[in-house]
Amino acid sequence: EGLKLTLQTEEGSAIDVQLPTYKMPDCKNASGYYCHENMDAIDLLIGSDGTLAVLTEIEISLLPTPAMTWGVTAFFPDQYKAVAYTKQVRSIAEGIAAIEYFDTCALDILRKQKAENTAFAGLPFLPAEYGCAVYTELHCDSEEQAYALLENLGSFCAQAGGNPDMTWVATSDSDRDMLHFFRHAVPESVNMQVERSKRNYPEITKVGGDLAVPDAHFETLL
């Protein structure tokens, strides 16, 4: 009979909605209407582009700002060590707010911009042995929790073949701003390169993708 969703109206009546019969992938996915056991009605509407309903009024609640927000950038000689590290970081249930990957090309772009463009002179120095990087943002309730997570990340880094001593840790707003500058400099640099190339090759364009695969296939994807 398939899955059903029950909507409770303000008048007290109930509306039963028949959900799609397909099974959603276990990884991040944006194909078709969202469908999962014990799902919230809002998950069905988000991404439906107005094909199922029109929202006339919404009520939202804001999450409090974390007591501690730290940024950690770990460097690795190759992508496979970075993947091994990432898999271990993803196993942590609480406190990990974001994980972002910078491949060799991204780091090379930043090295070139730092050397040639004064607007990027403030970028940190990237030694040649830094082959790729993984940025992790920690959202913690206390400094003790943040330090415990940092210790775990250092252990994961060493186990994966990285060097914890070459890891950048941002615990203050100014340090975190530097890591965010480092992060945003990559797409900015790519956009600048595309615009320069368009002068000789007008047909060139930039295509941004957002894809996901199950953890077991990270290496194949890379």
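Going by the structure above, here's the rest.
Residues numbered from 1 in each chain as written. Predicted model: local features only at pLDDT ≥ 70, side-chain atom pairs only at ≥ 80, totals over all residues. Heavy atoms only, no water.

Peer 1: Mind showing me how you'd approach a negative patch on the surface here?
Peer 2: Taken together, the side chains of Glu-10, Glu-11, Glu-57 and Glu-59 make up a negatively charged region of the molecular surface. With respect to the helices and strands, the residue Glu-57 is situated in the loop between helix H1 (41–45) and strand E3 (68–76). (Patch = residues over 30% accessible without salt bridge, like charges linked within 9 Å, V, L, I, M, F, W, Y side chains within 5 Å. Areas by Shrake-Rupley, 256 points an atom, 1.4 Å probe, with all protein chains shown as cover. Salt bridge = Lys/Arg side-chain N within 4 Å of Asp/Glu carboxyl O. Lys, Arg positive; Asp, Glu negative; His and termini not counted. Charge placed at Lys NZ, Arg CZ, Asp CG, Glu CD. Helix = DSSP H or I, 4+ residues; strand = E, 2+ residues; numbered from the N terminus.)

Peer 1: Honestly, the side chain of Thr-86 in this entry has me stumped. Any pointers?
Peer 2: By secondary structure assignment, the location of Thr-86 is in helix H2 (residues 79–90). There is a polar contact of 2.8 Å between the side chain of Thr-86 and the backbone oxygen of Ala-82. Setting aside anything within four residues of it in sequence, one finds Thr-86 in contact with Ile-99, Val-134 and Phe-218. (Polar contact = N/O pair within 3.5 Å; in protein donor to acceptor, adjacent residues only side chain to side chain. Contact = heavy atoms within 4.5 Å.)

Peer 1: How do you make sense of the packing of H2 against helix H4 (residues 143–160) when you look at a structure like this?
Peer 2: Packed helices, taken two at a time, are described by the angle between their axes plus the distance between the axes. Two elements in contact, H2 and H4, have axes whose closest approach is 8 Å; the angle formed by their N-to-C orientations is 145°. For the element pair H2 and H4, the recorded crossing hand is right-handed. Taking contact as the criterion, the partners of Lys-81, Ala-84, Tyr-85, Gln-88 and Val-89 in H2 are, on H4, Leu-153, Phe-156, Cys-157, Gln-159 and Ala-160. Along the lines of polarity and charge, the residues of the contact of H2 with H4 split into seven nonpolar, two polar and one charged. (Axes fitted to C-alpha atoms, helices over the stretch in contact; angles between N-to-C directions. Left-handed = near helix turned anticlockwise from the far one by under 90°. Nonpolar A, V, L, I, M, F, W, Y, C, P; charged D, E, K, R; others polar.)

Peer 1: Would you take a moment to explain the pattern of salt bridges for this structure?
Peer 2: Pairing is possible between side chains of opposite charge, provided their charged atoms come close. Under the definition given, this model contains five salt bridges. Here Asp-78 and Lys-81 are joined by a salt bridge, their closest N and O atoms 3.0 Å apart. Classification of Asp-78 as partly exposed rests on a relative accessible area of 26%. For Asp-173, the salt bridge goes to Arg-176, with nearest N and O atoms at 2.5 Å. (Buried < 20%, exposed > 50% of the residue type's maximum accessible area, 1.4 Å probe, protein only.)

Peer 1: Looking at this structure, how should I read the pairing of E3?
Peer 2: Remark: a regular strand shows side chains that alternate across the two faces of the sheet. E3 sits mainly inside the fold: nine of its nine residues count as buried. Taking every second residue as pointing to the same face, both faces of E3 are buried, with Met-68, Trp-70, Val-72, Ala-74 and Phe-76 on one and Thr-69, Gly-71, Thr-73 and Phe-75 on the other. Of the strand pairs in this sheet, E3 and strand E6 (residues 168–170) are connected by three bridges, and their pairing is antiparallel. By the bridge assignment, Val-72 is partnered in E6 with Val-169. (Pairing = 2+ DSSP bridges.)

Peer 1: What should I look at first to understand the packing of aromatic side chains in this one?
Peer 2: Ring pairs (aromatic) are described by centroid distance and by the angle formed between their planes. Enumeration according to the criterion identifies seven aromatic pairs in this entry. Here the aromatic rings of Phe-76 and Tyr-85 are separated by 5.0 Å at their centres, their planes lie at 45°, and the arrangement is tilted. The exposure classification of Phe-76 matches that of Tyr-85, with both residues buried. The interplanar angle of 80° and the centroid separation of 5.3 Å between the aromatic rings of Trp-168 and Phe-182 together place this pair among those described as edge-to-face. Placement of Trp-168 in strand E6 and of Phe-182 in helix H5 (residues 173–198) is noted, with a sequence separation of 14 residues between them. Its relative accessible area of 1% is what places Phe-182 among the buried residues. Taken together through their ring pairs, the aromatic side chains of Phe-75, Phe-102, Tyr-130, Trp-168 and Phe-182 make up a single cluster. (Phe/Tyr/Trp six-rings, centres within 6.5 Å; stacked < 30°, edge-to-face > 60°.)

Peer 1: Honestly, H2 in this entry has me stumped. Any pointers?
Peer 2: Think of an α-helix as turning once every 3.6 residues; residues three or four places apart then point the same way. Its twelve residues give H2 an end-to-end C-alpha distance of 16 Å, which sits within 8% of 16 Å, the value for a rise of 1.5 Å per residue. Among the residues making up H2, those that are buried are Ala-82, Val-83, Tyr-85, Thr-86 and Val-89. Along the axis of H2, the buried residues cluster in a sector spanning 165°; they form a single face. The inward-facing, buried residues of H2 contact E3, strand E4 (96–102), strand E5 (132–140), H4 and helix H6 (218–221). In this structure Asp-78 caps H2, since a side-chain oxygen of it lies 3.0 Å from the backbone nitrogen of Tyr-80. (Expected span 1.5 Å × (residues − 1). Arc of directions from axis to C-beta.)

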